[in-house]
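A structural walkthrough
Chain by chain, the residues run as shown.
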Amino acid sequence: MPTRNTLTKDAPPERSRKVAALRRNILSNSTSRQKYIQGVKLLKQEFLGPTTADFGIAGTVRRISTYDLFVVWHHLAMFTFTPPSQGDRNAAHRGPVFLPWHRFMLILFELQLQRVLNDDNFGLPYWDWAADGERSPDQQMTSPVWGTQCMGGQGNPVTTGPFAFNLADPARWRVRVDADVNGQLRATDRGLRRAFAQRRSDQSSAPVLPRRTEVTSAANLSTYDAWPWSTASSGFRNRLEGWQPVHPYSGLHNRVHVWVGGDMLPSSSPNDPVFYLNHCNVDRIWAAWLASRGTTYVPSQSASSTLRGHRIDDAMNALLSDPVTPRQMLDVDDFYSYDTLA
Amino acid sequence: MKRDEFARDATPDSLAEHVARNAPAMQQTGHAHGGDMESVRETTYRGHHIVIRTSYHIEVDGVPVEGHLGVTNDGRVHYHVVPNLSFASAVDLVKQLIDAFPDDFRQEGHAHEEHSHEGRSPGEES
């Protein structure tokens, strides 16, 4: 497949844009917060043509919104094993491509938000979850991020905030595509689910959010990734993704998914708009690492073909655009910057 | 990479075109597992190539659970539909599935939805 820099297309219509978008902390900038909520709701109500039939989803054919196309893409990338002969690494997770693939996804999502908001300078907000991780466990569950003016609270369904469910109101936030227990995409029509800080008897618990010391510990790792290029690897990527260390709970990014719970658990986790706040913060931590370590990435293109999809010049899994490479995601200053990398 | 170059892919027409172009191939590669689950672990030790195949057949209330389950070389079990977790035990994993998929495991019994591998049937657009 051609990568992005091989394409020739008509020039896009000119829109006023003077600087790269600025991505801000969602708790410190009300404009960013309000626009994000407005934007995701607009994408949820926008139907550009794709249907459930395009993805082989069983049942009556339904239109799929622009927002839900990103849900589908995340799920399909996760079920694309790289290589197909093994069941650990996939096209977006559990390997080196985890960070550049999600940067690719977030950039495309941000561009869609800019379009529907008619604001080319809009930047995705992030949730600095490690700041909340410094609070007590009880306070973590009542953080301002879960307030009615921000993401709303927990529940099955969520009943507070901008994504609260109302069965009688079709304009309210609804989950329309999710994954079943066997990994099949299915059409549904229900409210958003969250279940904070579930405690279990095994290591799948996530009773507390990650703390700043855990982020610092990851940032201090000098190697981006290493053999066996999987969940067993040492290095920054695997630590930030959350597979190492395994004790006592899963790590950074993974633990945030599990702590929020509900729709943040399955492969259809972009159903919860908090998904993007989490990944924007993960991307911010990677941006800080790149700023301090230089724009490095491994594996190189000379690595084994069994790592196809993860090497620096490989085409990454794409559904909604032509593919890009990890190398193209190392310098994104023309797209956005963060208010702070600290 | 330049933003204006990439922004061409953010237009409504372009997005729909890419879905039409890419979805068929992604359906083929990105499909759920089905049937018994086999996990293959491979490594090399002192010049010897080690392959360990582990098969799982999981049932809940007599109904098979057929997603993709894997075992990493450090012995932890993972299940692709709950991608952010790994478990020391497959039993713990299945308990988590019951909690995470309330639509598939309703309350006091198993209300597994009919699960078709036969593709879609024609329907009208809502």
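Residues numbered from 1 in each chain as written. Chains lettered and ligands numbered in written order. Predicted model: local features only at pLDDT ≥ 70, side-chain atom pairs only at ≥ 80, totals over all residues.

**Notes on the overall build of chain B**
- For chain B, the count of helices and strands is 3 helices and 6 strands.
- Reading the helices (α) and strands (β) of chain B from amino to carboxyl end gives α-α-β-β-β-β-β-β-α.
- Across the 126 residues of chain B, 32% fall into the buried class.
- Intrachain contacts of chain B at a sequence separation of at least 6 include 35% that bridge at least 24 residues. (Helix = DSSP H or I, 4+ residues; strand = E, 2+ residues; numbered from the N terminus. Buried ≥ 20, exposed ≤ 12 C-beta atoms within 10 Å, placed from the backbone. Contact = placed C-beta atoms within 7 Å.)

**Thoughts on the overall build of chain A**
- Looking only at helices and strands, chain A features 9 helices and 4 strands.
- Computed over the C-alpha atoms, the radius of gyration of chain A is 19 Å, within 12% of the 20 Å expected from 2.2 N^0.38 for a compact globule of 342 residues.
- Referenced to the eigenvectors of the C-alpha coordinate spread, the extents of chain A come out at roughly 55 × 50 × 45 Å.
- Buried positions account for 56% of the 342 residues belonging to chain A.
- In chain A, the share of contacts with a sequence separation of at least 24, taken over all contacts with a separation of at least 6, comes to 62%. (Rg over C-alpha atoms; globule rule 2.2 N^0.38 Å.)

**Let's talk about the packing of helix 1 (residues 30-44) of chain A against helix 3 (residues 98-117) of chain A**
All names here are of chain A.
- Relative orientation of the contacting elements helix 1 and helix 3 amounts to 90°, with a least axis distance of 9 Å. Overall, the two elements helix 1 and helix 3 adopt an arrangement that is roughly perpendicular. Only Gln112, Leu113, Val116 and Leu117 of helix 3 make contact with helix 1, whose side of the interface consists of Lys35, Gln38, Gly39, Leu42 and Leu43.
- Each residue belonging to the contact of helix 1 with helix 3 can be placed in one class, and the counts come to 5 nonpolar, 3 polar and 1 charged. (Axes fitted to C-alpha atoms, helices over the stretch in contact; angles between N-to-C directions. Parallel < 35°, antiparallel > 145°, perpendicular 65-115°, else oblique. Nonpolar A, V, L, I, M, F, W, Y, C, P; charged D, E, K, R; others polar.)

**Describing the interface of chain B and chain A**
- Taken together, the contacts link 59 residues of chain B with 63 residues of chain A.
- At the level of elements, helix 1 (3-7), helix 2 (12-29), strand 1 (37-45) and helix 3 (90-100) of chain B are the ones that each hand at least two residues to the side of chain B that touches chain A.
- At 10 residues, the largest contribution of residues to the side of chain B that touches chain A is made by helix 2 of chain B.
- In terms of residue class, the side of chain B that touches chain A is made up of 22 nonpolar, 23 polar and 14 charged.

**Considerations on unusual backbone geometry**
Residues and elements named next belong to chain A.
- A cis amide bond links Trp227 with the next residue in sequence, Pro228, at an omega value of 5°.
- Going from Gln244 to Pro245, the amide bond is cis rather than trans, its omega being -10°.
- Within the element layout of this structure, Pro245 appears in the loop between helix 7 (236-241) and helix 8 (252-260).
- Its identity as a non-glycine residue notwithstanding, Trp229 has a phi of 55°, on the positive side.
- Judged by local crowding, Trp229 falls into the buried class, with 26 C-beta atoms found within 10 Å.

**Examining the domain arrangement of chain B**
- Here the domain parsing of chain B yields domain 1 (1-30) and domain 2 (37-100).
- Between the C-alpha centres of domain 1 of chain B and domain 2 of chain B the distance comes to 33 Å. (Domains from an automatic or database assignment.)

**Some words on the nonpolar core**
- If you look at the biggest cluster of nonpolar residues, it comprises 105 residues, and the most contacted ones within it are A:Val72, A:Trp101 and B:Leu97.
- Ranked by residue count, the leading element in this core is helix 3 of chain A, at 11 residues.
- Two domains each put at least three residues into this core: domain 1 (1-30) and domain 2 (37-100) of chain B.
- For B:Leu97, the contacting residues outside a window of four places in its chain are A:Val181, B:Val65, B:Tyr79 and B:Val82.
- Of all hydrophobic cores here, the second largest spans 5 residues; its members include A:Val158, A:Phe163, A:Trp173 and A:Leu192. (Core = buried A, V, L, I, M, F, W, Y, C linked by C-beta atoms within 7 Å.)

**A word on the pairing of strand 3 (residues 185-190) of chain A**
- The pairing of strand 2 (residues 175-179) of chain A with strand 3 of chain A spans 4 bridges and is antiparallel. Opposite A:Ala179, over in strand 3 of chain A, you have A:Leu185 as the bridge partner. (Pairing = 2+ DSSP bridges.)

**Notes on the environment of A:Arg33**
Residues and elements named next belong to chain A.
- Mapped onto the fold, Arg33 is located in helix 1.
- For the pair Arg33 and Tyr297, spaced 264 residues apart in sequence, the C-alpha separation works out to 32 Å.
- Among residues more than four places away in sequence, those in contact with Arg33 are Ile26, Pro125 and Cys150.

**So, the pairing of strand 2 (residues 48-56) of chain B**
All names here are of chain B.
- For strand 2, the tally of buried residues reaches only 0 of 9 residues, placing the bulk of the element at the surface.
- With 9 bridges joining them, strand 1 and strand 2 adopt antiparallel strand pairing. Its bridge partner being in strand 2, Ser39 is matched across the sheet by Thr54.
- The hairpin formed by strand 1 and strand 2 contains 2 residues between the paired strands, and Arg46 there has a positive phi angle of roughly 50°.

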